[in-house]
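Given next are the chains, with one letter for each unit.
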Amino acid sequence: MHPILKMNTMKKQSTRFFSLFLVMICSAVLPLWAQQAELTFEDIERNSAYVWGRGVGTSLEEADKHALQDLASQVSVSVDNRIETTIENVSQAKGENLEAQELQRSKVSTTGDLRVSSSVSLANCKRMVKEEGGTFIVLRYVPAEEVEKMYDGRKDKIGELIRAGERAQERNKVGDALRNFYWALKMTLSIPPEHQGDEGRVVASHLREQIGDILDSIEISVAKIEKGEDANTAELAFLYRGQPMTNGDFQYFDGYDWIWSSIKDGVGVAEISADMKTIPLRVEYEYQRLWKSDPMVEEILEQRPTRIPYRQSERHVSTGALKAENPAPVKNAKAVVKEITVDSLSICNKKEVTSQADIIAPLIQAIEKRAYDDVRGLCSDNGWRWFEKLVKYGNAKIIERNALQMTAFANGYLVRGIKASFSFKKNNKKFVEDLVFYIKDNKIEGINFGLEQSALEDILRHSMWDPQSRLVLINFLENYKTAYALERLDYLNAVFSDDALIIVGNRLPQTKVSEITAFDKESFAHNKLTKSQYMQQLERVFAKQEYVNIQFEDAAVKKTNRTSERYEIIIKQNYYSATYADKGYLYLLADISDPEQPVIYVRVWDENRNNLMNYGEWIF
């Protein structure tokens, strides 16, 4: 058996406890006279089967708090001397109760139970109390085997991250592979040697080599440089083992500061000073901004956030013999007509292509010149509203224009082939997205962010389905994704059935109240909402966020029967905003028989893909 998988199967322990049971164990009210007759303070303190902490105070609350702090220090000392992660958070004692706030918050789940905490497990945490002359003495103790269970929980998570990294690597999702392998490595180093065994050391060594090998296999070059008024724009090509990287992040130095940017389908962009001959660049592998998307990862990595250095991530990308070029001449409609190809899934005649070029040509011209107001006359009222919010406010810049592709769709036309970078005023990061324009009645009616190439291929491979059905599915998912970026409550309100089944998942906040906090391994609340409640929740979210970005990948699509246009979709969703991030799986049951008015009957989010099988007739 491969050492990585072998480690994950060692010493499997049950990781679930009923939340009420945990809260009762950790928060039990013990009167001063309710002592355990079988054991004394001295028995516990002399017994290596327990980890304990002692506290003294003028009140029970104060003594209990000190005992918990001491308990935490005993655990942290046993870990600190060997590994880089320190455990140092304790739930706050209040009155005669251990106020395990995080455990109480985490009671809601799809199964009604709770997993072992990712920090110090307070399951079976007990208390002895005595009073001497008005002074309270408290002993908090926990079976040593609970610490072992904590490490077993980490091993499960490590195996999960490694498998996710391997799947991502197979699909050329280099950013996801680096992130999962690096997080797995950091978590492996949080386990003491005596709990790792030989397999753990092999896993750590393998992960170090795997990350280094991936970084070594990334090639970065400057495809072209375009002159600008304030800075030049360099289009960067990112290849992994000779193929375009599907995704990834990087930082570059623009001559004044380090700027974040993203990679999509092998393309990244950097705005640099005109005199720069090389571009200092760092390929991202730590993904610290996404730690909060996973409670266990966040808790462990935040305790010791020191970055493990990889020299392979540091690059100086030469601009070589490339000279900054003036922007390409703006093409007129006649020239644009020659660029447009017709999607093989649809039928368009030459006259249709020519008529749409009269709209596409000035649209491209306006974006290239960043003369956004020139687009107003090309748009319907709806089209202009979304153009302003997405393209104008996002300060869009075209970085790549492939052969434009036109598709007849829903009494109009979809035009693809434009890749642009976006930057928002309050966010120091550039996004790269494909733009899809919907033209109807000779006006731009809508704008979408395109799906990643891999997600497109997941749908297009169903060659037995009607070509138009595949186009409608793609457009539906692109509309759905972009509706969150544009904060389009009107669209989302229209697309959901009035009696839709909606189950949302939210990662519960992990408030650190003292030196130890008891954390649920995957602290998510799952709530069933009415459509009205869901719309109200979205309205509150949108009001607080400058941007919401959703990435879809790994789509699985199934028709409910051969004759209907009702589909079940399970798709991996990565959700990012200025203040929140999570990752999980989305189940949608949608009817797309009317391409212009699709209807969602079921929308369920869960952190575990397997849980979604309960909502459909899936055969995996």
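These numbers were taken from a predicted model, which means no experiment stands behind them.

Below, the discussion takes up the overall build of the protein. A tally of helices and strands in the protein yields 16 helices and 26 strands. A buried classification covers 57% of the 620 residues belonging to the protein. Within the structure as shown, the protein displays about 26,600 Å² of accessible surface, and the carbon and sulfur contribution to it stands at 49%.

At Asp265, a residue that is not glycine, the phi angle is positive and equals roughly 50°. On the secondary structure map, Asp265 appears in the loop between β12 (258-264) and β13 (267-272). When its relative accessible area of 23% is taken as the criterion, Asp265 is described as partly exposed. Located in the positive-phi region is Asn411, a residue other than glycine, with phi close to 60°.

Quick look at the environment of Phe496 now. By secondary structure assignment, the location of Phe496 is in strand β21 (residues 496-507). The buried category is assigned to Phe496, whose relative accessible area is 2%. Sequence separation between Phe496 and Ile600 is 104 residues; the distance between their C-alpha atoms is 4.8 Å. The residues contacting Phe496, other than those within four sequence positions of it, are Tyr480, Ile502, Lys531, Tyr534, Met535, Ile600 and Arg603.

Quick look at helix α6 (residues 144-170) now. The end-to-end C-alpha distance of α6 is 40 Å, a good match for the 39 Å that 27 residues give at a rise of 1.5 Å each. Buried residues dominate α6, accounting for 20 of its 27 residues. Directly after α6, the chain includes Asn172, whose backbone phi takes a positive value near 65°.

Take the confidence of the model for the protein next. When pLDDT is averaged along the protein, the result is 75; 74% of the residues meet or exceed 70. When the criterion is pLDDT under 50, residues 1-37 qualifies, and its contacts beyond four places in sequence or with other chains add up to 84 contacts. Predicted confidence is poor over residues 76-122, with pLDDT under 50, and the contacts of this stretch with residues over four places away or in other chains come to 172 contacts.

What follows is about the nonpolar core. With 57 residues, the main nonpolar core has Leu178, Trp183, Ile218 and Leu236 as its most contacted residues. The greatest single-element share of this core, amounting to nine residues, is contributed by helix α7 (residues 174-188). If we skip the residues at most four places from it in the chain, Leu236 touches Ser221, Val222, Phe250, Gly266, Val267, Gly268, Ala270, Ile279 and Leu281. Phe409, Phe476, Ile569 and Trp605 belong to the second-largest nonpolar core, a separate cluster that totals 46 residues.

Taken in spatial order, the three strands make up an open sheet running β2-β7-β6, and their pairing is antiparallel. Strand pairing shows two members of the sheet lacking a second neighbour, β2 (50-57) and β6 (126-132), which therefore form its edges. Sheet twist, expressed as the average angle between the axes of neighbouring strands with direction ignored, equals 15°. Pairing geometry for β2 and strand β7 (residues 135-143), over eight bridges, is antiparallel. What sits directly across from Trp52, in β7, is Tyr141. Of the strands in this sheet, β2 and β7 are in contact with α6, which crosses β7 at around 50°.

Below, the discussion takes up the pattern of salt bridges. Evaluated as defined, the whole model comprises 30 salt bridges. Put simply, Lys397 and Glu226 hold a salt bridge, and the shortest N to O gap is 3.3 Å. Of this pair, Lys397 sits in strand β17 (residues 397-409) while Glu226 is found in strand β8 (residues 218-226), placing the two residues 171 residues apart along the sequence. Here Lys419 and Asp434 are joined by a salt bridge, their closest N and O atoms 3.0 Å apart. With Lys419 in strand β18 (residues 412-423) and Asp434 in strand β19 (residues 429-440), this residue pair connects regions lying 15 residues apart in the sequence. Per residue, the accessibility class of Lys419 equals that of Asp434, and both read buried.

This paragraph deals with the packing of α6 against α7. Contact geometry of α6 with α7 gives a least axis separation of 8 Å together with a crossing angle of 160°. In this view, α6 runs roughly antiparallel relative to α7, as classed from their interaxial angle. Crossing of α6 over α7 shows left-handed handedness. Contact with α6, carried on its side by Arg154, Lys157, Ile158, Leu161, Ile162, Ala164, Gly165, Glu166, Ala168 and Gln169, involves Asp176, Ala177, Asn180, Phe181, Trp183, Ala184, Met187 and Thr188 of α7 and no other residues of that element. Within the contact of α6 with α7, the residues separate by chemical class into 10 nonpolar, four polar and four charged.

Before going further, it helps to spend a moment on the packing of aromatic side chains. This model, assessed by the stated rule, comprises 15 aromatic pairs. Ring centres of Trp384 and Phe387 lie 5.7 Å apart, and the angle between their planes is 15°; on these two criteria the pair is classed as stacked. Here Phe387 and Trp384 lie together in helix α12 (residues 381-392), a separation of three residues that amounts to about one turn. Between Trp465 and Tyr567, the aromatic rings sit 5.2 Å apart at their centres with planes inclined by 65°, giving edge-to-face as the arrangement. Of this pair, Trp465 sits in the loop between α13 (453-460) and α14 (467-485) while Tyr567 sits in strand β24 (residues 566-577), and the two are 102 residues apart along the sequence. Site record: aromatic cluster; members linked through ring pairs are Phe476, Tyr480, Tyr484 and Phe542. The aromatic ring of Trp258 is capped on one face by Arg282, whose charged end is 3.8 Å from the ring centroid.

Summarising the element assignment, Glu62 is placed in helix α4 (residues 60-80). In sequence terms Glu62 and Phe136 are 74 residues apart; their C-alpha atoms lie 8.5 Å from each other.

Another point: the packing of α6 against helix α9 (residues 295-303). Two measures define how a pair of helices packs: the angle their axes make with one another and the distance between the axes. Between α6 and α9, the least distance of the axes is 11 Å, while the angle of their chain directions is 110°. Regarding the angle of α6 to α9, the classification is roughly perpendicular. Together, Gly153, Arg154, Lys157 and Leu161 of α6 and Met296, Val297 and Ile300 of α9 make up the contact between the two elements.

Turning our attention to the environment of Phe41. Relative to the assigned elements, Phe41 resides in helix α3 (residues 41-46). On the basis of relative accessibility, which here comes to 5%, the residue Phe41 falls in the buried class. Distance from Phe41 to Val138, taken between C-alpha atoms, is 9.2 Å for residues 97 residues apart in sequence. Beyond its immediate stretch of four places on either side in the chain, Phe41 contacts Arg54, Met128, Val129, Lys130, Ile137, Val138 and Leu139.

What counts and what doesn't
Residues numbered from 1 in each chain as written. Predicted model: local features only at pLDDT ≥ 70, side-chain atom pairs only at ≥ 80, totals over all residues. Heavy atoms only, no water. Helix = DSSP H or I, 4+ residues; strand = E, 2+ residues; numbered from the N terminus. Buried < 20%, exposed > 50% of the residue type's maximum accessible area, 1.4 Å probe, protein only. Areas by Shrake-Rupley, 256 points an atom, 1.4 Å probe, with all protein chains shown as cover. Contact = heavy atoms within 4.5 Å. Expected span 1.5 Å × (residues − 1). pLDDT = per-residue confidence, 0-100. Core = buried A, V, L, I, M, F, W, Y, C linked by side-chain atoms within 4.5 Å. Pairing = 2+ DSSP bridges. Axes fitted to C-alpha atoms, helices over the stretch in contact; angles between N-to-C directions. Salt bridge = Lys/Arg side-chain N within 4 Å of Asp/Glu carboxyl O. Parallel < 35°, antiparallel > 145°, perpendicular 65-115°, else oblique. Left-handed = near helix turned anticlockwise from the far one by under 90°. Nonpolar A, V, L, I, M, F, W, Y, C, P; charged D, E, K, R; others polar. Phe/Tyr/Trp six-rings, centres within 6.5 Å; stacked < 30°, edge-to-face > 60°. Lys NZ or Arg CZ within 6 Å of the ring centre and 35° of its normal.

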